[in-house]
Amino acid sequence: MNQTKKILIILAIIFSLGDVAWDIYDIVTFFRAEPAIRGPVFYVIYTFISLFATISVAVLLILAIWKNGKLFRQRYGMYMSALVISMILNLFSITSILLIITMFLSDWVWIKPDKVKEDNVVEIRPENKEEKIARLRAKHDKGEISDEEFQEELTKLL
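Before going into details, it helps to say that this report is about the structure given with it. This one's a predicted model, so the numbers in the text were calculated from it and none came from an experiment.

Quick word on unusual backbone geometry
Alright, step 1. The phi dihedral of K67 is positive, around 60°, even though this residue is not glycine.
Alright, step 2. Relative to the assigned elements, K67 resides in the loop between α2 (41-64) and α3 (76-89).
Alright, step 3. Relative accessible area serves as the criterion here: at 54%, K67 is assigned to the exposed category.
Alright, step 4. In the Ramachandran plot, N68 falls in the positive-phi region, its phi being about 60° despite a non-glycine side chain.

Right under this line is the structure:
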């Protein structure tokens, strides 16, 4: 996933969570007010609907960019659902504007191949007989193999 698109979606999630906090504040202030000066009940019902829809937008966006955006293409429907719900709630909210911007950004990551350096090429070559005998002699001198094993391996090599 493109880094710019991921950052904008994360910002949309943060602003969506801010909208959740604002909706909770609205609900609490509605019920803390005196019954005589409260607004219409429809206002609090709409705020509850807005609260649950905003939570669903945040959850859908979090699921869409889960695992650092690796599954974004498979979960594109979640992203589009969050975009539509956000636009229905408030077209001019910061969350909606950020999601509309991300809709027009590519989610492909372009990786430029590094130039292969000739210096870092490791050449693998088989061990010749002299090197094998020297390795066997070093093992024998260290005491890792006995005289019989040394003679047996030496005869195999020759």
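Structural notes on the pattern of salt bridges
Alright, step 1. For the structure shown, the criterion picks out two salt bridges.
Alright, step 2. In this structure, E152 and K156 form a salt bridge, with 3.8 Å as the shortest nitrogen-oxygen distance. One end of the pair is E152 and the other is K156, both in helix α6 (residues 147-157) and four residues apart, which spans about a single turn.
Alright, step 3. A relative accessible area of 44% places E152 in the partly exposed class.
Alright, step 4. By relative accessible area, which is 58% here, K156 ends up exposed.
Alright, step 5. Linked by salt bridges that have partners in common, E152, E153 and K156 make up one network.

So, how was this worked out
Residues numbered from 1 in each chain as written. Predicted model: local features only at pLDDT ≥ 70, side-chain atom pairs only at ≥ 80, totals over all residues. Heavy atoms only, no water. Helix = DSSP H or I, 4+ residues; strand = E, 2+ residues; numbered from the N terminus. Buried < 20%, exposed > 50% of the residue type's maximum accessible area, 1.4 Å probe, protein only. Salt bridge = Lys/Arg side-chain N within 4 Å of Asp/Glu carboxyl O.

Geometry only, nothing functional implied.
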